[in-house]
Amino acid sequence: MPVKIRLQRHGKKGKPFYWIVAADSRSKRDGRYLEKLGAYNPNTNPATVELDVDGAVKWLQNGAQPTDTAKALLSYKGALLKNHLAGGVTKGALTEEQAEEKFKAWVEEKAAKIQAKADGLSDADAKAKADALAAEKAVNEARIAAAAPVVEEEEATEEVAAEADAAKEEE
C-alpha cells in the first residue's frame, strides 16, 4: 500500500483550509486517511502551519512520499531536516544529542525569521494606516480651507457696508 503525505481540503469556497494527512495514494483527495499530521491555513499572513513533526518523520522513515506542496510544508516546519538528522544518527555520523541540538537551533532560527516577517507586516500595516490618516486630514483641511474664504468674503462685505454706513452718518 503506497502511502502519501498530502493535503486534504476543507473550508468554504474561496477560503481553503487544509489538513496534512498520511493517506493511501489510491484514496480520494478528501477521502479516507490513515493519520492526520497537522493543518495548513493559507488565508493568514504569514500562513499558519501546525504539524506533528515526530509523526511526519515516522511516516517518512516508513516510506511515505510527500506531494510537492506537502514537501514544502514539511521542509518549512523542519520535518525533512529532522528525518535527515535521524538518518545521520542511524549511520553513526552524529549522536542523538547532537542531532537534537542542531534541530532546536534550526527551529529557533526559523521562529525568529517568522516573527520578523510578522513584525514587518504589522509595521507596514501601521505605517499604511498612519499615511491614510494623514492624507484624510489633508483632504479635510483642504475642504475647510475651501469653505472658509466664502464666509470671510461675506464678513468682509458686511464690514465694508458697516464702514460705509458709519461714514454716511458722520457726514
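Please refer to the structure placed before this passage.
Here goes a summary of the coordinates provided. (Residues numbered from 1 in each chain as written. Predicted model: local features only at pLDDT ≥ 70, side-chain atom pairs only at ≥ 80, totals over all residues. Heavy atoms only, no water.)

**Some words on the overall build of the protein**
Let me state the cut-off plainly: Put simply, DSSP H or I for four residues or longer makes a helix, DSSP E for two residues or longer makes a strand, and each gets a number counted from the N terminus. When accessible area is computed with a 1.4 Å probe and restricted to protein chains, residues below 20% of their type maximum are described as buried, those above 50% as exposed, and intermediate ones as partly exposed. Residue contacts are defined here by distance: any two heavy atoms, one from each residue, within 4.5 Å place the two residues in contact. To be clear on the numbers: accessible area is Shrake-Rupley with a 1.4 Å probe, and residue cover counts the displayed protein chains and nothing else.
The number of helices and strands found in the protein is 4 helices and 5 strands. Each helix and strand of the protein, ordered N terminal to C terminal, gives the series β-β-β-β-α-β-α-α-α. Taken across its 171 residues, the protein has 23% of its residues classed as buried. Look at the contacts in the protein between residues 6 or more apart in sequence, and 38% of them connect residues 24 or more apart. Summing over all exposed atoms, the protein offers an accessible surface of approximately 12000 Å²; the carbon and sulfur share of this is 53%.

**A look at the pairing of strand β4 (residues 48-51)**
The following threshold applies: Here, a strand pair is defined by DSSP locating no fewer than two bridges between the strands.
In β4, alternate side chains face the same way, and those of Val 49 and Leu 51 are buried while those of Thr 48 and Glu 50 on the opposite face are not. When strand β3 (residues 35-41) meets β4, the two strands line up antiparallel, connected through 4 bridges. Across the sheet, residue Ala 39 finds its bridge partner in β4, namely Glu 50. Linkage of β3 to β4, two consecutive antiparallel strands, is achieved through a turn of 6 residues.

**Observations concerning the packing of aromatic side chains**
What counts is decided by this rule: In summary, the pairing rule links any two rings of Phe, Tyr or Trp, Trp by its six-membered ring, whose centres are within 6.5 Å, and it sorts them by plane angle into stacked for under 30 degrees, edge-to-face for over 60 and tilted for everything else. Definition used: whenever NZ (Lys) or CZ (Arg) falls within 6 Å of the ring centre and also within 35 degrees of the ring normal, the charge is taken to sit over that ring.
All told, the structure shown has 3 aromatic pairs when counted by the stated rule. Between the aromatic rings of Tyr 18 and Tyr 40, the centroid separation amounts to 5.9 Å while the plane-to-plane angle is 20°, which identifies the pairing as stacked. Placement of the pair is Tyr 18 in strand β2 (residues 15-24) and Tyr 40 in strand β3, with a sequence separation of 22 residues. The class of Tyr 40 is buried, set by a relative accessible area of 17%. Considering the side-chain rings of Trp 19 and Tyr 33, the 6.0 Å spacing of their centres and the 85° angle between planes classify their relative orientation as edge-to-face. Of this pair, Trp 19 sits in strand β2 while Tyr 33 sits in the loop between β2 and β3, and the two are 14 residues apart along the sequence. Given the relative accessible area of 32%, Tyr 33 is considered partly exposed. Its end group placed over the ring of Trp 19, Lys 36 keeps NZ or CZ at 4.1 Å from the ring centre. Across the ring face of Phe 103, the terminal group of Lys 82 is positioned such that the distance to the ring centre comes to 5.0 Å.

**Comments concerning the environment of Ala 70**
Relative to the assigned elements, Ala 70 resides in helix α2 (residues 68-77). With 64 residues separating them along the chain, Ala 70 and Arg 6 place their C-alpha atoms 5.4 Å apart. With residues up to four places along the chain from it excluded, the contact list for Ala 70 reads Ile 5 and Arg 6.

**So, the nonpolar core**
Filter applied, for reference: Nonpolar cores are built from buried Ala, Val, Leu, Ile, Met, Phe, Trp, Tyr and Cys residues. Side-chain atoms within 4.5 Å join them into one set.
Among the nonpolar cores identified, the biggest contains 24 residues, and Ile 5, Ile 20 and Leu 37 are the most heavily contacted of them. Where this core is concerned, the elements lending two or more residues are β1 (3-12), β2, β3, β4, α1 (53-61), α2, α3 (79-91) and α4 (96-170). Among the elements that make up this core, the one with the highest residue count is α1 (5 residues).

**What to know about the pairing of β1**
Pairing of β1 with β2, which is carried by 10 bridges, proceeds in the antiparallel orientation. The residue bridging Ile 5 from the neighbouring strand is Ala 22, located in β2. In this structure, the hairpin formed by β1 and β2 is closed by a connection of 2 residues, where Gly 14 is found at a positive phi of approximately 85°. Of the pairings in the sheet, the one linking β1 to strand β5 (residues 65-66) comprises 2 bridges and is parallel in character. Note on β5: the bridge partner recorded for Ile 5 is Pro 66.

**Notes on α3**
Applied cut-off: The span one expects for a helix is its residue count, reduced by one, times 1.5 Å.
Given a rise of 1.5 Å per residue, 13 residues ought to cover 18 Å, and the 19 Å separating the end C-alpha atoms of α3 matches this to within 8%. Those residues of α3 that fall on the buried side of the exposure criterion are Ala 79, Lys 82, Leu 85 and Gly 88. Downstream of α3 by a residue or two, Gly 92 has a phi angle that is positive, lying close to 90°.

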